[in-house]
Amino acid sequence: MSDRHENSRRAFERAERVLVGGVNSPVRAFGAVGGSPVFIASAAGAHITDIDGNEYVDYVGSYGPAILGHAQPEVIAAIAEAIERGTSYGAPTEVETLLAGAIVEAIPSIEKIRFVSSGTEAVMSAVRLARGVTGREKIVKCVGCYHGHADALLVSAGSGATTLGVPSSPGIPAGATADTLLVNFNDLPGARETFDAFGDRIAGVLVEPVAGNMGVIAPADGYLPGLRKLCDDCGALLIFDEVMTGFRVSFGGAQELYDVRADITTLGKIIGGGMPVGAFGGPGEIMDHLAPKGPVYQAGTLSGNPVAMAAGLATLRRLREKDFYETIEKKSATLAFGLEEAAGAAGLSGRVCFNRVGSMLSCFFASPPVTDYASATACDPEAFKAYFHAMLAGGVFIAPSRFEAMFLSAAHDHADIDRAIAAAKKAFLAAAEVMNA
Ligand code: KE4
């Protein structure tokens, strides 16, 4: 790290003494790209400033929540107003009803909601609910889709044609993943085979309707409707993990964009406006299986936290504004086009692949198309590493992993987009040097 990052380097040394790996979420440690992470002092709008005073245009956006931009006045005001009345009560508040109502209004398949404190908690609870409602045990998930770190969902493909999941982390007993079946994203025939083998034992299919955790990968035409039909034909529930796509790819999420109804939808990130919030919801006849109405247990001390609810509500109010998504779509298309031109100028045409859905996009250092985990993992890690550090040096903060997305916000203006494209011109040259070595 240059001396432009001396304070971050020292902060990381101190952090490593008391925080595992110096961070509270692994991706932040720069493990995939090398060097030590920049420590953030503040952020405002589309910009983020580290503790050495370096300012960047931010395309991490806290991995999705910051769709308005950082420290937006109306969100800060809502938090400040709520926090003056206390932080947590362990009793119901009206603001929980207001945020739930706003989500129910935005996503037609959701009649009732349960708030939790993270995306992991939302998905973990949704899986339990699907199993409780159907009385079945098998859960189908896609290789490369990430749904948080609940035991049953940290799986990698095991042996055998039936792709039985095996734990992908120590500490997870085989039993915890024995009922998790793995299929490939965008592979409908493969999903059909799994349904043929396990159909009436499948409680649910869990999928990121737009994959965002192996880089951005859109569903192939017919894929989501195909999963919907497979579930309908055998009485399984379709669980859309919209923790990332919810209110990101459209106000009604991916299920609005692709016009496919989910039975259970998980949410997070944007609905908390940057505060810790997750949620899962669906038709009342499904959700009412949850305690206290029904027997499926789920609970949380800080679930529906009033300060977090206020932040989420203020955020969703802005997202309802006319042309919000049209405007952010245009900016995202401009960025993607400029990045693609920069890659071409570096001689990388046909050797990088750009995938974008709305204001989430990824650049893969791999030949197009990238449509599933296998093609995503062909992305050259060393090329990405060179690209990442050149972007950072150019004042552009992107996620330190080739399997993440770039996120735009309403606060990104054309100067921010031009800055990313200018930095990318050098960054793609740095990557090309690696790829041509
Ligand atoms: P959290 O528990 O991190 O709030 O949510 C888990 C989760 C669930 N579902 C989807 C589709 C997600 O993208 C996530 C979390 N996303 C990652 C970004 N790739 C969070 C970043 C991190 O792990 O630090």
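Our subject is the structure that appears above.
In this report, we go over the structure that sits alongside the text. (Residues numbered from 1 in each chain as written. Predicted model: local features only at pLDDT ≥ 70, side-chain atom pairs only at ≥ 80, totals over all residues. Heavy atoms only, no water.)

## Re the pattern of salt bridges
So, step 1. What the rule picks out here adds up to 16 salt bridges.
So, step 2. The residue Glu329 makes a salt bridge to Arg356 at a minimum N-O spacing of 2.9 Å. Of this pair, Glu329 sits in helix H11 (residues 324–345) while Arg356 sits in strand S13 (residues 353–357), and the two are 27 residues apart along the sequence.
So, step 3. For Glu329, a relative accessible area of 32% translates into the label partly exposed.
So, step 4. A network of salt bridges, in which partner residues are shared, links Glu6, Arg9, Arg10 and Glu13. (Salt bridge = Lys/Arg side-chain N within 4 Å of Asp/Glu carboxyl O. Helix = DSSP H or I, 4+ residues; strand = E, 2+ residues; numbered from the N terminus. Buried < 20%, exposed > 50% of the residue type's maximum accessible area, 1.4 Å probe, protein only.)

## Here's the deal with the environment of Ile239
So, step 1. Looking at the element boundaries, Ile239 is found in strand S10 (residues 237–241).
So, step 2. Since its relative accessible area comes to 0%, Ile239 is described here as buried.
So, step 3. For the pair Ile239 and Tyr63, spaced 176 residues apart in sequence, the C-alpha to C-alpha distance is 21 Å.
So, step 4. Every residue in contact with Ile239, bar those within four places of it in the chain, is listed here: Ala126, Ala130, Val205, Leu206, Val207 and Ile264. (Contact = heavy atoms within 4.5 Å.)

## Looking at helix H3 (residues 94–106)
So, step 1. Helix length check: H3 (13 residues) gives 19 Å between terminal C-alpha atoms against 18 Å at 1.5 Å per residue, within 8%.
So, step 2. Buried within H3 we find Val95, Glu96, Leu99, Ala100, Ala102, Ile103 and Ala106. End-on, the buried residues of H3 take up no more than an arc of 155°, which puts them together on one face. Of the exposed residues in H3, those oriented more than 90 degrees away from the buried face are Glu94, Thr97 and Glu105.
So, step 3. On its buried face, H3 sits against strand S4 (112–116), strand S11 (264–267) and helix H10 (306–319). (Expected span 1.5 Å × (residues − 1). Arc of directions from axis to C-beta.)

## Thoughts on the site of the ligand
So, step 1. Neighbouring residues of the ligand: 16 residues in total, closest Ser25, Thr120, Asn213, Asp241 and Glu404.
So, step 2. In this structure, Asn213 approaches the ligand through a side-chain N or O atom, which is 2.4 Å from a nitrogen atom.
So, step 3. Note that a nitrogen atom of the ligand is positioned 3.1 Å from one of the side-chain N or O atoms of Lys269.
So, step 4. The protein chains hide 85% of the 540 Å² of surface that the ligand would expose on its own.
So, step 5. For the shell around the ligand, the per-class residue count stands at 5 nonpolar, 7 polar and 4 charged.
So, step 6. Structurally, the shell around the ligand is a two-domain feature, drawing no fewer than three residues from each of domain 1 (3–71 + 322–436) and domain 2 (73–319). (Near = heavy atom within 4 Å. Polar contact = N/O pair within 3.5 Å; in protein donor to acceptor, adjacent residues only side chain to side chain. Areas by Shrake-Rupley, 256 points an atom, 1.4 Å probe, with all protein chains shown as cover. Nonpolar A, V, L, I, M, F, W, Y, C, P; charged D, E, K, R; others polar. Domains from an automatic or database assignment.)

## Description of empty space enclosed by the protein
So, step 1. Considering all chains together, one arrives at 2 cavities of 30 Å³ or more under this definition.
So, step 2. Considering only enclosed or pocket space, the largest cavity measures out at about 110 Å³ in volume.
So, step 3. Lining the largest cavity, in full, are Leu361, Ser362, Cys363, Phe384, Tyr387, Ile398, Ala399, Ser401, Arg402, Glu404, Ala405 and Met406.
So, step 4. Of all elements in the fold, only strand S14 (360–364) and helix H13 (381–393) reach the threshold of two or more residues within the lining of the largest cavity.
So, step 5. The element contributing the most residues to the lining of the largest cavity is S14, with 3 residues.
So, step 6. Lining the second largest cavity, in full, are Gly45, Ala46, Asp58, Gly61, Ala66, Gly69, His70, Ser409 and His412.
So, step 7. Taken together, the residues of the lining of the second largest cavity break down into 2 nonpolar, 6 polar and 1 charged. (1 Å grid on protein atoms, 1.4 Å probe; cavity = no way out; pocket = protein on both sides within 12 Å on 5 of 7 lines; lining within 4 Å. Points joined across faces, edges and corners; volume = space filled by probe spheres on them.)

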